[in-house]
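Reading the structure
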Amino acid sequence: MAGAVLAFLLVFLLVPVGLVVYTAFVDGSGGFTLGHFGNFFGQSLFTEAFLNSLAVALASVVVASLIAVPLAYLTVRFEFRGALLIQTLGVLPLVMPPFVGAVALQLIFGRNGSVNLLLDEWFGFKVPIMDGLVGVTFVESIHYFPFILLNLVAAMRNIDGAMEESAQNLGARGFRLFRRIIFPLAMPGFLAGAALVFVKVFDDLGTPLVMGVTNMLAPQAYLRITSVGIDDPMGYVISVLMIGFSILALWLAARMTAGRDYATLQKGGGSLQRRRLTGAQAVLAYGWIALVLLVVLAPHIAILLMSFAQVWSFSVLPDAYTLDHYATVFTEARPMIGNTLLYCVLAAGLDVLIGTAIAWLILRTTIPARRWLDSLASIALAIPGLVLAIGYLRLFRGVDLPFTDTPVITSWVLIMLAYAVRRLPYALRACMAALQQVHVSLEEAAQSLGATRWRTARRVMVPLMAGGILAGFVTSFITAAVELSATILLTSAESQAPMSYGIYLYMQSAAGRGPGAALGVLAVVVVALGTWASHRFAERTRAPERESS
């Protein structure tokens, strides 16, 4: 089992990525060189793209933090009616693919969007918030701030309320209390979320492409590979930089909390006394949260309206409505929906199979260096989908599928494998958590009654892990359903295209934006239903535990 898992990780993760890195450092004769990097930084186009990507990623972290930190603090530390609903609505942006949100936000906040049309009519000016790099930053911040919100809410709930009370007894109040006590204790959660935002934004391909911004690293890598060719060294240099900065961001987040003690004596829920807001404070807090949620929910509202809009141009709302876009989707794009379900079900199934195997090897065996399997699988978090796709195209060039004459790089198998590899860390974490809750004595009891190791796994271990396995499956499925970075390079024919690729194609023309929006709504529905089903199943698995206790 360990050999099979390791072989999978080597062939479909380490070797393709290693080949990308290797190609960036060798010349035409196979010798080591740094000349490609010299050429990269010697060209103003690439230097500008590098600095733009860095600036957009850092700015997105700042803007996302300005949204998430007050939202988390207000809903966790104060008596707030509807706090759970506010936190739930705050996570909704993750349900929508960021490149779909980019198109939707153009309709609301673009130069001729609803907001600017009203501002121009009422006050005589417009706010160009969706132009260029500023627009990319705005879209990315709106989409990815829930990563900071989720981690920060969890961290703040675990803070011992006695520490806050002690600080108040010593005179700490207001912003000083937050700055000196609350935020430092929640720093691990904040840094974890901020690192994820940086990595996601730095590696994102779909949003800049849809917005017509190509002077960033990911679009430049895509354009070089698709226009110059798979042998162009600049694409590999860009890939190495993307990998390096992704790993650097995750390492810095871990390094900044290393050696410091953030532990408290008890969780915040046991002794936390939520404070009341005064009348004026409540008005300001609710007003600010309403504004944030209005902006956060704007893409969902816009994409829904757009999917029904017959005409929506230079007007605050659509001029007429129709169901034709959905009819077009169900006639023209039906294969895309089927492809999405096929690829994502296979990828998620492969993820939970490998994730369960790795979890069992780590927690139930004494194989030397078994912890390395966890590390190897988790590397996928730092590997952009675009980089993995480039590695696949180079590694499998000239290779045919077994027993066929079909080249591997023109088959849909690589799309599915890219989805599986990129989502493996999510399934692995869920499977590890589930197996840690299954006491080894249950398996020992089954084996003592004559059950083989395989029968024990099938009849005891897997049923008890069902909740975690399903959570891993659903997480892998719903995140793979909106993957574009790897899809856009690996899709060789329209007959293989999944929904994400179809949305991208439709959005390239004004006439196709209606069907693209309809397909985007369907993608959001698929993701939302998957998330809802996961929560429902998790609640059902917890119900017997609560009844027995």
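Residues numbered from 1 in each chain as written. Predicted model: local features only at pLDDT ≥ 70, side-chain atom pairs only at ≥ 80, totals over all residues. Heavy atoms only, no water.

For the rest of this paragraph, the subject is the overall build of the chain. Summing up its helical and strand segments, the chain has 26 helices and two strands in all. By residue count, 52% of the 549 residues in the chain fall in the buried class. Of all intrachain contacts in the chain linking residues separated by at least 6 positions in sequence, the fraction that spans at least 24 positions is 76%. Of the accessible surface of the chain, which amounts to about 25200 Å², a share of 65% is contributed by carbon and sulfur atoms. (Helix = DSSP H or I, 4+ residues; strand = E, 2+ residues; numbered from the N terminus. Buried < 20%, exposed > 50% of the residue type's maximum accessible area, 1.4 Å probe, protein only. Contact = heavy atoms within 4.5 Å. Areas by Shrake-Rupley, 256 points an atom, 1.4 Å probe, with all protein chains shown as cover.)

Here we come to the nonpolar core. In globular proteins that are soluble, nonpolar side chains generally tend to be buried together. Counting 178 residues, the largest nonpolar core has Phe40, Met156, Leu217, Ile303, Tyr392, Leu490 and Leu519 as its most contacted members. Not counting residues within four places of it along the chain, the set of residues in contact with Leu519 comprises Val329, Ala333, Met336, Ile337, Met499, Gly502, Ile503 and Tyr506. (Core = buried A, V, L, I, M, F, W, Y, C linked by side-chain atoms within 4.5 Å.)

Looking now at the environment of Ile182. For Ile182, the position within the fold is in helix α9 (residues 174–185). Judged by its relative accessible area of 0%, Ile182 falls in the buried class. Each C-alpha atom of the pair Ile182 and Ala155 lies 9.8 Å from the other, and the pair is 27 residues apart in sequence.

On to empty space enclosed by the protein, then. Considering all chains together, one arrives at two cavities of 30 Å³ or more under this definition. Of the voids in this model, the largest cavity is the one considered here, and its volume is about 70 Å³. Around the largest cavity, the lining residues are Pro93, Met96, Pro97, Pro98, Gly101, Leu105, Val139, Ile142, His143, Val296, Pro299 and His300. Residue composition of the lining of the largest cavity, by class: nine nonpolar, three polar and no charged. If you go around the second largest cavity, the residues you meet are Trp360, Glu443, Gln447, Arg453, Thr456, Ala457 and Met461. Among the elements that line the lining of the second largest cavity, the one with the most residues is helix α22 (residues 453–464), at four residues. (1 Å grid on protein atoms, 1.4 Å probe; cavity = no way out; pocket = protein on both sides within 12 Å on 5 of 7 lines; lining within 4 Å. Points joined across faces, edges and corners; volume = space filled by probe spheres on them. Nonpolar A, V, L, I, M, F, W, Y, C, P; charged D, E, K, R; others polar.)

If you walk through the whole model with that rule in mind, you get 19 aromatic pairs. Each ring, one from Phe40 and one from Phe46, has its centre 5.2 Å from the other, and the planes form 10 degrees; the classification is stacked. Given a relative accessible area of 0%, Phe40 falls into the buried group. The class for Phe46 is buried, based on a relative accessible area of 1%. Their ring planes at 40 degrees and their centres at 5.1 Å tell us that Phe308 and Tyr326 sit as a pair that is tilted. Here Phe308, found in helix α15 (residues 279–308), pairs with Tyr326, found in helix α16 (residues 324–332); they are 18 residues apart in sequence, far enough to count as distant. According to the relative accessible area criterion, Phe308 is partly exposed, its value standing at 27%. The class for Tyr326 is buried, based on a relative accessible area of 12%. The structure contains a cluster of three or more aromatic residues connected by ring pairs, namely Phe40, Phe41, Phe46, Phe50, Phe198, Phe202 and Phe245. (Phe/Tyr/Trp six-rings, centres within 6.5 Å; stacked < 30°, edge-to-face > 60°.)

Right, let's talk about a nonpolar patch on the surface for a bit. Judged by side-chain polarity, Leu6, Leu10, Val11 and Val15 come together as a nonpolar surface patch covering roughly 260 Å² of accessible area. You can see Leu6 is positioned in helix α1 (residues 2–24). Since its relative accessible area comes to 34%, Leu6 is described here as partly exposed. (Patch = residues over 30% accessible without salt bridge, like charges linked within 9 Å, V, L, I, M, F, W, Y side chains within 5 Å. Salt bridge = Lys/Arg side-chain N within 4 Å of Asp/Glu carboxyl O.)

A word on unusual backbone geometry. For Phe403, which is not glycine, the phi dihedral falls at a positive 65 degrees. Residue placement: Phe403 occurs in the loop between α19 (385–395) and α20 (413–436).

Listed in full, the buried residues belonging to α16 are His325, Tyr326 and Val329. For α16, the angular spread of buried residues about the axis comes to 100 degrees, placing them on one side. Among the exposed residues of α16, those pointing more than 90 degrees away from its buried face are Asp324, Thr331 and Glu332. (Arc of directions from axis to C-beta.)

Attention now goes to the pattern of salt bridges. Following the criterion strictly, the structure yields seven salt bridges and no others. Arg111 serves as the salt-bridge partner of Asp131, at 2.7 Å between the closest nitrogen and oxygen. Of the two residues, Asp131 sits in the loop between α6 (114–123) and α7 (132–157) while Arg111 sits in the loop between α5 (98–109) and α6, which places them 20 residues apart along the sequence. Across the salt bridge formed by Arg397 and Asp231, the nearest N and O atoms sit 3.1 Å from each other. Within this pair, whereas Arg397 is found in the loop between α19 and α20, its partner Asp231 is found in the loop between α12 (217–228) and α13 (233–257), the two being separated by 166 residues in sequence. Through salt bridges that share partners, Asp231, Arg394 and Arg397 make up one connected network.

With that out of the way, let us pick up the confidence of the model for the chain. Per-residue confidence for the chain gives a mean pLDDT of 82, with 89% of residues at or over 70. Long-range and interchain partners of residues 267–272, a stretch whose pLDDT sits below 50, account for 18 contacts in this model, where long-range means more than four residues apart. (pLDDT = per-residue confidence, 0-100.)

Here the focus is the environment of Leu401. For Leu401, the position within the fold is in the loop between α19 and α20. It is 8.4 Å that separates the C-alpha atoms of Leu401 and Ser411, two residues lying ten residues apart in sequence. When sequence neighbours within four positions are dropped, the list of residues in contact with Leu401 reads Thr406, Val408, Ser411 and Val413.

Another point: the side chain of Asp374. Here Asp374 shows up in helix α18 (residues 371–378). With residues up to four places along the chain from it excluded, the contact list for Asp374 reads Ile358, Ile362, Leu428, Arg429 and Met432.

This paragraph deals with the environment of Thr404. By the element assignment, Thr404 lies in the loop between α19 and α20. Accessibility expressed as a relative area gives 35% for Thr404, which makes it partly exposed. Engagement of the side chain of Thr404 in a polar contact is seen with the backbone nitrogen of Thr406, the distance being 3.3 Å. (Polar contact = N/O pair within 3.5 Å; in protein donor to acceptor, adjacent residues only side chain to side chain.)

This paragraph deals with the packing of α19 against α20. Look at α19 against α20: their axes get within 11 Å of each other, and the N-to-C directions meet at 135 degrees. It follows that α19 is oblique to α20 by the angle criterion. Along this stretch, α19 crosses α20, giving a crossing that reads as right-handed. Contact residues: Gly385, Leu388 and Tyr392 in α19; Leu414, Leu417, Ala418, Val421 and Arg422 in α20. Class assignment of the residues belonging to the contact of α19 with α20 gives a composition of six nonpolar, one polar and one charged. (Axes fitted to C-alpha atoms, helices over the stretch in contact; angles between N-to-C directions. Parallel < 35°, antiparallel > 145°, perpendicular 65-115°, else oblique. Left-handed = near helix turned anticlockwise from the far one by under 90°.)

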